[in-house]
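Chains, contacts and geometry: an overview
Okay, here's what each chain looks like letter by letter:
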Amino acid sequence: MNRGFAIPMLLLIAAAEAPLPDPSQEAAARALMHELRCLVCQHQSIADSNADMAVDMRRIVRERIAAGEPPAAVRAYLVERYGDWVTFDPPRRGSNLIIWAAPFLFLAIGAIVAARQFRKPRT
Amino acid sequence: MMKRVALFLPLAVFIGFVAVAIWRLGEPGNPAIRSQLVGKPVPAFALAGLGPERPGLGSADLAGGGPRLVNLFASWCIPCRVEAPVLAELKRRGVVIDGIAVRDRPETIRAFLAEHGDPYRRIGIDSESRAMLALGASGVPETFLVDGKGIIRVQYIGELRHEQIDTVLAAIRDAS
């Protein structure tokens, strides 16, 4: 990449990454970025990634929040296209239920095992 | 006897866990994320073209006519160069191909087309990946088969290869 191209490119990236003027909207946008998965990175959120695609996804998030869309609607827009994979907060339905139920299931098994151990007569 | 087995159970579970961890670390899952829009209409987008002689591409251009391929490419994309002869062959066999140039500029697109051939009817410049994200694509190259009613029928992730030509042609016949 030559210099004549690099400098406008950097300015373009800086412009794309400018925070929203409304601090509460910017906070909502950032919170959402942390729970959206970068599709081309290994388990990074789009907030944590410098991949081009993460930059473009952050721009979409900021634009939609600035236009007054609630974060849930912005998330729904991406889930509609990429499926539940795109969110780190998988909805509680279908096979995802296993993820949500597993901790409680294992806790219950542990409690049963512990209770049985305690109930045993001491020798 | 049962007690003996029970004693070794935690160790067995632990060994199983380590085995799975080693397996996955050695071969990390890198799943291709498929678009959820297959079977649904092309989402709304409108992209500028290369200039007056080459109009851009919008979802309205994909709504009528016969089935066609929408190929996401970029001049900076190495696999797209590998794919170029395959697209040329598809065009030679009568397939209509529209292009979306992702994160690209007119000058570099022109240079790419001059070097690797130009199989495209229309080309839209998607400088901010908006159309790519709207389509549920995760990168370049990707190719969508859109039928005459503007419904996405198939998504091909990665470059189309010579051995896929017959499959693609069959899918296009199915879509008409």
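Residues numbered from 1 in each chain as written. Chains lettered and ligands numbered in written order. Predicted model: local features only at pLDDT ≥ 70, side-chain atom pairs only at ≥ 80, totals over all residues.

Examining the sheet that holds strand 5 (residues 123-126) of chain B
All names here are of chain B. Reading across the sheet, the five strands line up as 5-4-3-6-7 and stay open at both edges, with mixed pairing between neighbours. Both edges of this open sheet fall to strand 5 and strand 7 (152-157), since each of them pairs with a single strand only. Going across the sheet, the axis of each strand differs from the next one's by a mean of 20 degrees, ignoring polarity. By the bridge criterion, five bridges tie strand 6 (residues 142-146) to strand 7 in an arrangement that is antiparallel. Paired with Thr-143 across the bridge in strand 7 is Tyr-156. (Pairing = 2+ DSSP bridges. Helix = DSSP H or I, 4+ residues; strand = E, 2+ residues; numbered from the N terminus. Axes fitted to C-alpha atoms, helices over the stretch in contact; angles between N-to-C directions.)

Examining the domain arrangement of chain B
Segmenting chain B into domains produces domain 1 (1-30) and domain 2 (46-175). Computed from C-alpha coordinates alone, the two centres of domain 1 of chain B and domain 2 of chain B are separated by 47 Å. (Domains from an automatic or database assignment.)

Details of the interface of chain A and chain B
Interface size is often expressed as the accessible area that is lost when the parts come together. Taken together, the contact between chain A and chain B spans 14 residues of the former and 12 residues of the latter. Classifying every residue of the side of chain A that touches chain B by side-chain character gives seven nonpolar, two polar and five charged. (Contact = placed C-beta atoms within 7 Å. Nonpolar A, V, L, I, M, F, W, Y, C, P; charged D, E, K, R; others polar.)

Details of helix 3 (residues 106-116) of chain B
Residue and element names in this part refer to chain B. Burial in helix 3 covers these residues: Ile-109, Phe-112 and Leu-113. The buried residues of helix 3 occupy one face: seen down the axis, they fall within an arc of 95 degrees. Those residues of helix 3 that are exposed and aimed more than 90 degrees away from the buried face are Glu-107, Ala-111, Ala-114 and Glu-115. In the segment just after helix 3, Gly-117 is the residue with positive phi, at about 95 degrees. (Buried ≥ 20, exposed ≤ 12 C-beta atoms within 10 Å, placed from the backbone. Arc of directions from axis to C-beta.)

Notes on helix 3 (residues 52-66) of chain A
Its 15 residues place the ends of helix 3 of chain A 21 Å apart at the C-alpha level, agreeing with the 21 Å of an ideal helix rising 1.5 Å per residue. Among all positions in helix 3 of chain A, only Met-53, Ala-54, Asp-56, Met-57, Arg-58, Val-61, Arg-62 and Ile-65 of chain A are buried. Where helix 3 of chain A is buried, its residues contact helix 2 (23-34) and helix 4 (71-82) of chain A together with helix 4 (130-135) of chain B. Taken from the residues just after helix 3 of chain A, Gly-68 of chain A is the one with a positive phi, measuring 95 degrees. (Expected span 1.5 Å × (residues − 1).)

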